[in-house]
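Coordinate analysis (summary)
Listed below are the residues making up each chain.
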Amino acid sequence: MRSLILCCTIFIISLSPILAQINVWPKPRYISWPKPQATFLSPFFNITTPQYHKYLSPAVARYSNLIFTENYHSIVLPQVKITSTSPPLQTLVIYVRDFLTPLQHGVNESYTLHIPTDGLYGNLTAETVWGAMRGLETFSQLVWGDPVRIASGVYVVDEPIFEHRGVTLDTSRNYYGVEDILRTIGAMSMNKLNVFHWHITDSHSFPLVLPSELELAAKGSYGPDMTYSVADIKRIVEFGFEHGVRVLPEIDMPGHTGSWAEAYPEIVTCANMFWWPAGTTWADRLASEPGTGHLNPLNPKTYQVVQNVVRDVTSLFPEGFYHAGADEVIPGCWKADPTIQKFLSDGGTLSQVLEMFVNSTFPYIVSLNRTVVYWEDVLLDAEIKVVPSILPPENTILQTWNNGPNNTKRIVSAGYRAIVSSADFYYLDCGHGDFLGNESKFDSVNPNDGFNYIGGSGGSWCGPFKTWQRVYDYDITYGLSKEEALLVIGGEVALWSEQADPTVLDARIWPRTSAMAETLWSGNRDVTGKKRYAEATDRLNEWRYRMVSRGIGAEPIQPLWCVTHPGMCNTVQ
């Protein structure tokens with residue numbers, strides 16, 4: 001489907017190039033505005049749909065309100081002619097061919113939008129309500145000023161290149177309130193992203209209240225005011241539907257489960273032990289960072305608790321994907337347990353221990369009508385991994401985070417679908433140093449130490465900081481054949497929260513995630529195949545200011561002077 005759409009898109013764009021005065025983010029696949037002109041919106045402007053829909057109708061109400069209250073004033077005002085002879089636009093008429101298809105992976109998000117030069121009615125046509133939501137966002141970005149005006153003579157034909165476009169947020173290491181999550185989902189919708197990957201639990205805390213396992217949150221969270229109730233989950237999931245964003249839960253296991261030990265110490269190995277025992281090598285560590293604990297696959301009670309957790313999570317989250325984690329299983333943690341020690345002394349291996357766990361949990365998750373997502377480690381880890389035969393590709397998706405395009409290649413070459421979250425490009429927490437205490441490396445004034453000075457990591461394992469340009473320029477199918485590229489379903493940026501919480505949430509995510517949003521929606525190249533990061537700078541600047549006006553604390557990418565003097569801050573004139 002991607003190749004056919006791209007072929008047609010390139011043909012159309014070559015006939016009618018977009019003009020610089022109009023800004024829609026992410027850039028549509030095709031947009032025509034042959035004459036830079038605009039018309040006013042009628043004070044009685046309304047948006048109509050053929051019928052009420054549980055999620056589209058609230059979206060219509062939301063955008064109707066936004067259009068008249070935003071009153072956005074561009075930093076650089078559009079050089080357009082306001083048509084005084086044509087009547088103001090009275091109505092945007094939405095046509096939806098299929099009101100029944102639910103929000104799910106692969107749903108059709110295409111739409112066409114036409115705002116006439118003269119006429120009372122604009123038209124938005126979509127195959128599904130989810131495509132109509134994308135078109136409403138585009139419409140809202142064509143509106144500005146007070147009194148409200150809209151670009152006219154505009155024609156848009158649009159749909160995404162990649163079906164999966166997401167954000168991973170870790171709410172275990174530091175807690176984020178419900179309002180923070182809702183604001184993030186709202187901003188995702190503005191950027192036409194469609195998957196909120198919620199890394200809910202980890203070794204540090206278990207904030208999710210589960211009806212069958214109440215003790216996990218009661219004892220494993222940071223406190224009763226730092227949990228997510230059943231009502232909270234319902235509110236977040238419904239808010240996601242209203243914004244065209246799926247909420248994908250991740251309960252990481254068997255590693256990253258130290259918080260489970262507060263309720264069930266008997267099923268967790270190496271819990272609450274110091275992560276890197278004194279006098280040992282890195283290979284003998286118990287965890288890759290402070291916060292230890294792995295579920296014990298040799299304890300039958302482990303599976304009783306896990307089944308309760310999985311059953312509750314799938315009932316709370318209607319999403320068709322279930323993320324089961326399986327990353328960073330550390331040998332030292334399992335070796336610290338006597339039962340596992342005996343298993344190993346009897347000739348067993350740690351990979352067999354992991355296979356026991358996967359063989360006992362994977363079929364149960366699949367039986368609940370879920371596709372299971374794992375981090376790549378489950379198959380690609382150098383020490384502890386399962387054999388591919390126990391993870392059928394039709395039920396399994398692997399999310400890659402190491403070794404850039406090389407691991408993506410390994411995953412798709414094995415026949416698995418891939419979600420790309422390469423730390424080299426998409427980890428938003430990178431470049432902020434380290435969070436370890438009493439680290440003597442910071443006490444150095446030697447410019448050649450390779451740590452604190454230019455070229456050093458500053459303690460960040462995945463440094464340097466991933467700039468928006470770094471994010472924008474990444475091609476997630478780099479080095480793949482056409483057939484292999486079809487197995488890449490999309491990508492996700494990730495914000496791990498060792499050094500992030502609600503006070504910095506917006507600035508850590510935006511507008512760098514906007515950069516990924518555009519590349520996954522319409523690509524990062526122009527019709528000639530040249531990367532378009534140069535012209536994207538001014539557009540992203542403008543979009544960042546618009547997000548700020550909508551209540552999203554996106555960080556600046558340039559001084560305001562650069563915005564008001566387009567092109568003057570470039571490397572080459």
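The numbers attached to residues start from 1 for each chain and follow its sequence in the written order. Side-chain atom pairs in this predicted model are given and counted only at pLDDT of 80 or more, local residue features only at pLDDT of at least 70, and totals for whole chains, interfaces and linings cover all residues. Remark: hydrogens and water are excluded; side-chain values derive from all non-hydrogen atoms of the structure.

The name given to the protein chain in an unreviewed UniProt entry is Beta-hexosaminidase, with Kingdonia uniflora as the source organism. What UniProt records for the protein chain under Sequence similarities (unreviewed entry) is the sentence "Belongs to the glycosyl hydrolase 20 family." For the record of the protein chain, the UniProt heading Catalytic activity (unreviewed entry) holds the text "Hydrolysis of terminal non-reducing N-acetyl-D-hexosamine residues in N-acetyl-beta-D-hexosaminides." UniProt positions are given in the numbering used here, feature names are shortened, and annotations may be inferred rather than shown by experiment.

1. Section: the nonpolar core
In globular proteins that are soluble, nonpolar side chains generally tend to be buried together. Within this scheme, the nonpolar core is defined by two criteria: the residues are buried Ala, Val, Leu, Ile, Met, Phe, Trp, Tyr or Cys, and they are joined through side-chain atoms within 4.5 Å. When a residue's accessible area, from a 1.4 Å probe over protein chains only, is under 20% of the maximum for its type it is buried; when over 50% it is exposed; and in between it is partly exposed. Grouped together as the largest cluster of nonpolar side chains are 144 residues, with contacts concentrated most on F139, W198, W260, Y374 and L391. Residue contributions to this core peak at eight residues, all from helix 10 (residues 350–367). Composition of this core by domain shows at least three residues from each of domain 1 (30–158) and domain 2 (164–435 + 449–564). The numbering of helices and of strands both runs from the N terminus, where a helix is a DSSP run of H or I of at least 4 residues and a strand a run of E of at least 2. A domain assignment, automatic or from a database, supplies the domain bounds used here.

2. Some remarks on the domain arrangement of the protein chain
Each assigned domain of the protein chain is listed with its residue range as follows: domain 1 (30–158) and domain 2 (164–435 + 449–564). For domain 1 versus domain 2, the separation of C-alpha centres amounts to 35 Å. By definition, residues are in contact when any of their heavy atoms lie within 4.5 Å. Contacts between the two partners involve 26 residues from domain 1 and, on the opposite side, 26 residues from domain 2. What counts as a salt bridge is simple: a side-chain nitrogen of Lys or Arg found within 4 Å of a carboxyl oxygen of Asp or Glu. Run the count over domain 1 and domain 2 and you get five salt bridges.

3. Here's the deal with the pairing of strand 11 (residues 195–201)
Taken across its seven residues, strand 11 has seven buried, putting it largely inside the fold. In short, DSSP must find at least two bridges between two strands for them to pair. One ladder, built from five bridges, connects strand 10 (residues 164–170) with strand 11; its direction is parallel. Bridging across to strand 11, G166 finds its partner in V195. The pairing of strand 11 with strand 12 (residues 246–253) spans six bridges and is parallel. Pairing of W198 across the sheet is with P249, part of strand 12.

4. Considerations on the pairing of strand 16 (residues 371–375)
Counting buried residues in strand 16 gives five out of five residues, a clear majority hidden from the surface. Burial of the side chains of strand 16 extends over both faces: T371, V373 and W375 are buried on one face and V372 and Y374 on the other. In the sheet, strand 15 (residues 321–325) pairs with strand 16 via four bridges, with the strands oriented parallel. Bridged to Y322 within strand 16 is V372. Where strand 16 and strand 17 (residues 396–400) come together, four bridges link them in parallel fashion. Paired with W375 across the bridge in strand 17 is Q399.

5. So, the state of the cysteines
Disulfides are defined as cysteine sulfur pairs within 2.5 Å. Scanning the model with the defined rule gives three disulfides in all. Across a sulfur-sulfur distance of 2.0 Å, C270 and C333 are joined as a disulfide pair. Here the S-S torsion is close to -95°, and the disulfide linking C270 with C333 is therefore left-handed. Of this pair, C270 sits in the loop between strand 13 (268–269) and strand 14 (294–295) while C333 sits in helix 8 (residues 331–335); the two residues are 63 residues apart in sequence, bridging distant segments of the chain. Accessibility classification places C270 together with C333 in one group, the buried group. Across the disulfide from C430 sits C462; the S-S distance is 2.0 Å. Given an S-S torsion of about -110°, the disulfide between C430 and C462 has left-handed geometry. Of this pair, C430 sits in the loop between helix 13 (423–426) and helix 14 (468–473) while C462 sits in the loop between helix 13 and helix 14, placing them 32 residues apart in sequence. For the residue pair C430 and C462, the accessibility class agrees, reading buried in each case. When the cysteines engaged in disulfides are numbered in sequence order, the protein chain pairs them as 1-2, 3-4, 5-6.

6. Considerations on the UniProt feature "domain: Glycoside hydrolase family 20 catalytic" (unreviewed entry) in the protein chain
Residues given the UniProt feature "domain: Glycoside hydrolase family 20 catalytic" (unreviewed entry) here are residues 162–523. Summarising residues 162–523: 34% helix, 15% strand, and an end-to-end C-alpha distance of 9 Å.

7. Some remarks on the packing of helix 7 (residues 300–316) against helix 10
What counts as an axis is a line fitted to C-alpha atoms, over the stretch in contact for a helix, and the angles between N-to-C directions run from 0 to 180 degrees. Two elements in contact, helix 7 and helix 10, have axes separated by 11 Å at closest approach and are oriented at 30°. With respect to helix 10, the element helix 7 is oriented roughly parallel. The crossing of helix 7 and helix 10 is right-handed. Contacts from T302, Y303, V306, Q307, V310 and R311 of helix 7 reach helix 10 at M356, F357, S360, T361, Y364 and I365. Angles are sorted into four bins: roughly parallel if under 35 degrees, roughly antiparallel if over 145, roughly perpendicular if 65 to 115, and oblique for all others. Handedness of a helix crossing follows the sense of rotation of the near helix relative to the far helix, less than a right angle counterclockwise being left-handed and clockwise being right-handed.

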